[in-house]
Amino acid sequence: MSTIHPDTILIIDFGSQVTQLIARRVREAGVYSEIVPFQSAAEAFKRIKPKAVILSGSPHSTVDIGSPRAPQEIFDAGIPVLGICYGEQTMCAQLGGKVEAGHEREFGRADLTVEEDSALFQGIWKKGTHHQVWMSHGDRVTALPEGFKVIGTSKGAPFAAISDEKRHFYAVQFHPEVVHTLDGARLLQNFVHNIAGIKGDWSMKTYREQAISAIRRQVGKGRVICGLSGGVDSSVAAVLIHEAIGNQLTCIFVDHGLMRKNEAEEVVSMFRETYNIPLVHVDASDLFINALEGVSDPEKKRKIIGRLFIEVFEKEAKKLGGAEFLAQGTLYPDVIESVSFSGGPSVTIKSHHNVGGLPERMNMKLVEPLRELFKDEVRALGRELGLPEKFIGRHPFPGPGLAIRCPGGVTREKLDILREADAVYLDEIRKAGLYDKIWQAFAVLLPVQTVGVMGDGRTYEYVCALRAVTSVDGMTADFYRYDMDFLAQAANRIINEVRGINRVVYDITSKPPGTIEWE
Ligand code: XMP
């Protein structure tokens, strides 16, 4: 997005994997920022007239010929500049210092010693104290440019933090944007509030307004189609886009029959009745479930669902008479997960079906207003847009739905049993007040039948596994430690109320080595 904003921090991206985290920390400090790739930084600098600049890290080495540089103007403009990792190195190289290729990489947690007081550390770190920081670098600064002094050192980086307090230039070899640098967020706050002098009154409300004008600018009078999944991300994207361009937007909800109990109906009624957003609801459950019958390989199941989803979506989009734009609720973690850092192939653990493929096939341009945001920020934006709290706080739900919670072959009967068990389990979680403490909780129907006894009779029915995990971002997870009484109550209700299940087990695997879903 690029709307001129009077108090902007310009973040120049040299290709680090964590540049978006810098933007996120700046947003958390209530300050607006824009990330621009180094190639267009000079143009952006002129256009945006930022209050301060942050230079990101990079996979490059400043020592290499042709490695990227910051536009010289930013150092001549009299505004504060903060260099991070590669940002420090290029700053030194450009201002007359020296950087050399290191023989050893310094990676992970490091201990920083504060050598001098500095405006960057004010109110946070005092001279002589030690702090945990996170490093990831090979090259290092070996001589400082004129006017600079060392304000922090670590074992592997004698120039771990440097400053020219007069010119308001600061640079750190460590990454303040990642959580492993324990006070990193506060250092960045210091930079944007105290050093750059920006108040910090930017909020999701402003993000919403800026996103709306950016969507209007991008789309003009064009038509947009948005694929709704029933989840938070695509719904927030759709509501935001509708606010920007009204009925130029049509949503298509491909109902694959693999949703949780009542979920499809809830989505349709929310969109049609509450928001009055044009919505095509395609009931394609027969198509999906017939195609899945007899398929038990998890990747084959995912591939079938992905392929059918695209086919149905494409057919419906054609019926609408075509549109130039395709809207997606892509989040920042989807962007980093689906683009391999090295450009080479990375191992596919599971093929997620909701990113990639569709736009190229359909020859449409993408509208992705959430591309810069993390999950919790999307929730905040959803609240800002007035979406109901119960909907916004929903646990994530995978694109392939209940099919991947039914290991082995999927049948209508199994899906119905699973839906009921899942609803009872979630009801118990809500009643116990645990829903918001858990990242994701769901039932899995195992392809195993066991013997039981109910009343005077023998039963031979399915086993249901219950799963609940805590997580920050879904990348790693820990199983949730329930009280045994809770598990007993949930298991009891499932066995009593759900025909077809006579045994319940609890999954105590964390991620890694497990994954959150079973397939
Ligand atoms: P795993 O099972 O890989 O899941 O540990 C991590 C998170 O991703 C969700 N998930 C998906 N989400 N499409 C999605 O939109 C998918 O194909 C998909 N597969 C897994 C999962 O529910 C968890 O939150």
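- Per an unreviewed UniProt entry, the chain is named GMP synthase [glutamine-hydrolyzing], and its organism is Bartonella choladocola.
- You can read under Pathway (unreviewed entry) in the UniProt record for the chain the words "Purine metabolism; GMP biosynthesis; GMP from XMP (L-Gln route): step 1/1."

**With respect to the overall build of the chain**
Next, step 1: A count of helical and extended segments in the chain gives 16 helices and 20 strands.
Next, step 2: The C-alpha radius of gyration computed for the chain amounts to 26 Å, which stays within 12% of the reference 24 Å derived for 519 residues, consistent with globular compactness.
Next, step 3: Projecting the C-alpha coordinates of the chain onto the three principal axes gives extents of approximately 85 × 55 × 40 Å.
Next, step 4: By the burial criterion, 57% of the 519 residues in the chain qualify as buried.
Next, step 5: Contacts spanning at least 24 positions in sequence make up 75% of the contacts within the chain whose residues lie at least 6 apart.
Next, step 6: Charge separation in the chain, taken as the distance between the mean sites of 60 positive and 66 negative side-chain charges, equals 2 Å.

**So, the sheet that holds strand 9 (residues 149-153)**
Next, step 1: An order of 2-1-3-4-11-10-9-6-7 is seen for the 9 strands of this open sheet, with the pairing classed as mixed. Each of the sheet's edge strands pairs with one partner strand only, and the pair in question is strand 2 (32-37) and strand 7 (130-137). When the angles between neighbouring strand axes are averaged without regard to direction, this sheet yields 25°.
Next, step 2: With 6 bridges joining them, strand 1 (residues 8-13) and strand 2 adopt parallel strand pairing. Looking at strand 2, one finds that Thr8 is bridged to Tyr32.

**So, helix 8 (residues 263-274)**
Next, step 1: Between the first and last C-alpha of helix 8 there are 16 Å, a value that for 12 residues agrees with the 16 Å anticipated at 1.5 Å per step.
Next, step 2: Every buried residue of helix 8 is accounted for by Glu263, Ala264, Val267, Val268, Met270 and Phe271. One side of helix 8 carries all its buried residues, which in axial view fall inside an arc of 160°. Summarising the geometry of helix 8, the exposed residues directed more than 90 degrees from the buried face are Glu265, Glu273 and Thr274.
Next, step 3: Check the buried side of helix 8 and you find it contacts strand 12 (224-228), helix 7 (232-245), strand 13 (249-255), strand 14 (279-283) and helix 14 (389-392).

**Here's the deal with the packing of helix 15 (residues 412-431) against helix 16 (residues 484-497)**
Next, step 1: One way to put it is that helix 15 packs onto helix 16 with a least axis distance of 9 Å and a crossing angle of 145°. Crossing angle aside, the handedness with which helix 15 passes helix 16 is right-handed. On the side of helix 15, the interface is formed by Ala421, Val424, Tyr425, Asp427, Glu428, Ile429 and Lys431, while helix 16 contributes Phe486, Gln489, Ala490, Arg493, Ile494 and Glu497.
Next, step 2: Taken together, the residues that form the contact of helix 15 with helix 16 break down as 7 nonpolar, 1 polar and 5 charged.

Parameters at a glance
- Residues numbered from 1 in each chain as written.
- Predicted model: local features only at pLDDT ≥ 70, side-chain atom pairs only at ≥ 80, totals over all residues.
- Heavy atoms only, no water.
- UniProt positions renumbered as here; feature names shortened; annotations may be inferred.
- Helix = DSSP H or I, 4+ residues; strand = E, 2+ residues; numbered from the N terminus.
- Rg over C-alpha atoms; globule rule 2.2 N^0.38 Å.
- Buried < 20%, exposed > 50% of the residue type's maximum accessible area, 1.4 Å probe, protein only.
- Contact = heavy atoms within 4.5 Å.
- Lys, Arg positive; Asp, Glu negative; His and termini not counted.
- Charge placed at Lys NZ, Arg CZ, Asp CG, Glu CD.
- Pairing = 2+ DSSP bridges.
- Axes fitted to C-alpha atoms, helices over the stretch in contact; angles between N-to-C directions.
- Expected span 1.5 Å × (residues − 1).
- Arc of directions from axis to C-beta.
- Left-handed = near helix turned anticlockwise from the far one by under 90°.
- Nonpolar A, V, L, I, M, F, W, Y, C, P; charged D, E, K, R; others polar.

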